[in-house]
Each structure stands twice: as C-alpha cells, then as structure tokens.
Amino acid sequence: MQLLSYTWAYFVQVAGLAIAFIAAAVFIYLALRHLKWRWMRVMLVIIFLSISVAFYVPNGLPRAIEYPLALNTYGPAEGPVLPLGSIFSIFTHFDDLERVSDIARDPNDVPPPITRSESAVVEVELTAKEVIAEMAPGVFVNYWTFDGQIPGPMLRAREGDTVKLTLHNDPTSLHHHNIDLHAVTGPGGGAVSTMVAPGESRTVSFKALHPGLYVYHCATPNVANHMTHGMYGLILVEPEEGLPSVDHEYYVMQGEFYTEGGIGRKGLQLFDAQAMLDGIPTYVVFNGRVEGVNGKMGAVTGETARIYVGNGGVNLISSFHMIGEVFDKVFPEAALSSAPHEDVQTTIVPAGGATIVELDFQVPGNYMLVDHALARMEKGAWGMMTVTGEENKEIYDGEIVPGHGH
Ligand SMILES: [Cu+2]
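Residues numbered from 1 in each chain as written. Predicted model: local features only at pLDDT ≥ 70, side-chain atom pairs only at ≥ 80, totals over all residues.

## What to know about the overall build of the protein
Item 1. A tally of helices and strands in the protein yields 5 helices and 21 strands.
Item 2. Reported as C-alpha extents along the three principal axes, the dimensions of the protein are approximately 95 × 55 × 35 Å.
Item 3. Going through the 406 residues of the protein one by one, you find that 39% of them count as buried. (Helix = DSSP H or I, 4+ residues; strand = E, 2+ residues; numbered from the N terminus. Buried ≥ 20, exposed ≤ 12 C-beta atoms within 10 Å, placed from the backbone.)

Now the structure itself:
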C-alpha cells in the first residue's frame, strides 16, 4: 500500500501533465464531433493544445505534478535530487528497511553528567541506518538516521578527552554515509575519514578541545539531503569543571522535512528537492516527527531543568521559546566558555547550531516548547512539557480554562 501511494505520486508527478494534455485532446476531439471535416477537428485540437502548452508550460507547472528529475545546482558536489536509481532501489529493498515504531528519540535520553576530574578516552559507536517510520499518523517517511532514531544519540565528553568514534553503516542502507562533528578540529570534522559504504565501518579519533554543545551530522554529498532525512545529533563537551547539577536534562532537536504532495498527505512520501532548495519545508518538528517530545518531558514545581537544544536545519533558524516560562539562563550558540544571558524569552538556534537553556519551575501546568516563528507550529514545531506540584498563587493566580491556548 505504501509503495502504491509512492508509485502513484511519482507517476503523477513525472507523467501527470502529459496524461492531462492527452485527455484534453481526446475530450476536445469528441466535443467537436459534429464538425463535418475531420481534418478541421484535428487542426482545432492542435491549436487549442499548442496555445495552452505555449502559455502554460513556460510559466511553471503546479508543484503537485512536477517531480524534478534533474535540477541545475551549483554546490561543490552532487545536487540534491535523489537519482532515479535511488528511488527504484527503495522498491527492490523495501522489505529490508527496518520499520521503526517511534522515530522520535526520547528527550530524556541524555548521558549522565561526567564526574571524573581527569581526561579519558571516550569510545563511541554509531550506526547509520535507513528506516521507515511515521512522521504523523498515516504519513510515512524513509528516514536516514544515526542508530535508528532522530536525533542520533547524544554524545558526552569532557574538555581534553580523546573521542574514538567508530561509524558503522548498516548493511541494509542504500547509501554511503559519514559523520562531521562540529566539536572536531580537523578536516571535514571527521567526515573525510569516516565515509562508509553499506556494511562498512571506520574509526576516527579526535581531541575535544573546546567546551560547548555541538551538532554532528552526516556530510555525504548531497549534505543537505542527508541531513534533512534526519542524520543529525548533538555532542556535549563539558568544561573541565563540569556543569552545575540540575534535576532534569532534556535533549531536543529541531529539523525540517521536505515531502512531495503537501502536509498531511498519507502514505510513503517522496522527497521534494525543489522545496528544500526553496526552503519551504512540509514538516518542521522536534525529535524527528510531529509531537515527537510530547508526554515525555515532566517536572515538579521547585525543580530545575537544562535543555540541550539543537537545530539540524537545513534552512531555518529556530526561535526557541517555552510558552509560560522565562529561561533563567541561556548559553547563546551553546558557548559554554562565555557568561550566559539571563532572563531570556526566546533564543535563536542557528541551522547547524545549538543552545543550552536552564530554567526552574514554580507554577504547575502545561508548558509548550515552540519555534516562535509560529506558523511552523502548524507544521509540527511544538512540544508539551507538564509540570505538576503545589500551586503558587503569589506567582500565578487564575482559573485555567481547558482548550484556551495551552
Ligand atoms: Cu548520510
């Protein structure tokens, strides 16, 4: 069924216009059947069609019937269009691709704080894996991931540590992959040493020189294409003295997905390279899917939290905000060596960048995480956090009417 909708979308987009014009030609020919001379009917059909083609086609085709088989682009390597071979290989390997029941990584999936006071060698293994999972109910996407969920696992090291990272590419993958970590000082952030074909593994070693929270991502050409299929995550390099302890640490990463056929279209989605170039995503979500972090983030009044926020891009800057809260501290651009900003409403998370926010909870209720470019909420860019505990009428006193916003 998924392949059927996938094939239908592809068929309509590649051949839809030709089918429409053939149908129009037949219709006009039949409509003119009372005309006496057959050659006149044929001539009129040709004139009608020529005029419509001459005026219509040069002025652009509707996106729904325009699958770009080729685009002229000027990046340093391959363009973003998935080659035909890639599309057909999905058919031949469709049953091999793992079905992941929940593509969203749990925002609580954060490695524990580092307690050592000396440097160490940190060994990490990641597996690039292409899977099928739901973006929204009934909407399926061929995701490309690190370790089968989005974002990839959060990595944690200490300033001065040596990280020894082995990247595997699952044998079921249909593409090469690699990894570029922004915490790396060295060529390609490690990408040039980790390119792996399906079934291969490679190891790279680097010293974590700079404390901060860094994006890692696949950098296989076309890089934007690999990233917008879900290949990103965060690596935290703690400063030597560590980070102050908090009650909760959360891991949230925004990303964009570009699909043919528009938001809410059911079935397996075709990747829309033109929409990616235009920067008009169909879905903007936290942790890989619509409502990816909902129901998973909770706290009690009096507790504190730190949220590690990243943005996989590939076009938008996130205006990260929590409705009903003020961030006590923000480390802009996740620069842990600089003093934090205090009392911040909305902070920006650049594409390929991160931020760290800290807050405490004083009033129970539901608090929504959003990209405050709020049109993006409709594309999925929101998550819900629930705070329970004692009311605090001095700070907030009002009847909470369900259904009125938050
Ligand atoms: Cu990749």
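Here the narrative resumes.
## Considering the domain arrangement of the protein
Item 1. Partitioning the protein into structural domains gives domain 1 (2–65), domain 2 (84–238) and domain 3 (248–388).
Item 2. Computed over C-alpha atoms, the centres of domain 1 and domain 2 are 46 Å apart. (Domains from an automatic or database assignment.)

## Considering the sheet that holds strand β13 (residues 297–300)
Hydrogen bonds between backbone atoms are what pair the strands of a sheet, whose relative direction is either parallel or antiparallel.
Item 1. Here 5 strands make up an open sheet; going across it, the order is β13-β21-β20-β15-β18 and the pairing mixed. Two strands close off the open sheet at either side, each with one partner strand: β13 and β18 (346–349). On average, adjacent strands in this sheet sit at an angle of 25° to one another, irrespective of strand direction.
Item 2. Examined bridge by bridge, strand β15 (residues 318–323) and β18 share 4 bridges and lie antiparallel to one another. Note on β18: the bridge partner recorded for F320 is T347. (Pairing = 2+ DSSP bridges. Axes fitted to C-alpha atoms, helices over the stretch in contact; angles between N-to-C directions.)

## Digging into the sheet that holds strand β6 (residues 180–181)
Item 1. If you trace the 4 strands from one edge of the open sheet to the other, you get β4-β9-β8-β6, paired in mixed fashion. The open sheet is flanked by β4 (155–158) and β6, the only strands paired with a single partner.
Item 2. Pairing between strand β8 (residues 212–217) and strand β9 (residues 232–238): 6 bridges, direction antiparallel. In the sheet register, L213 faces β9, and the bridge partner there is L236.

## Concerning helix α1 (residues 2–31)
Item 1. Here α1 spans only 38 Å end to end across 30 residues, well under the 44 Å set by a 1.5 Å rise per residue.
Item 2. Within α1, the axis deviates most sharply at A15, by approximately 65°.
Item 3. Every buried residue of α1 is accounted for by Y6, A9 and Q13. (Expected span 1.5 Å × (residues − 1). Bend = angle between axes of the 7 residues up to and from the residue.)

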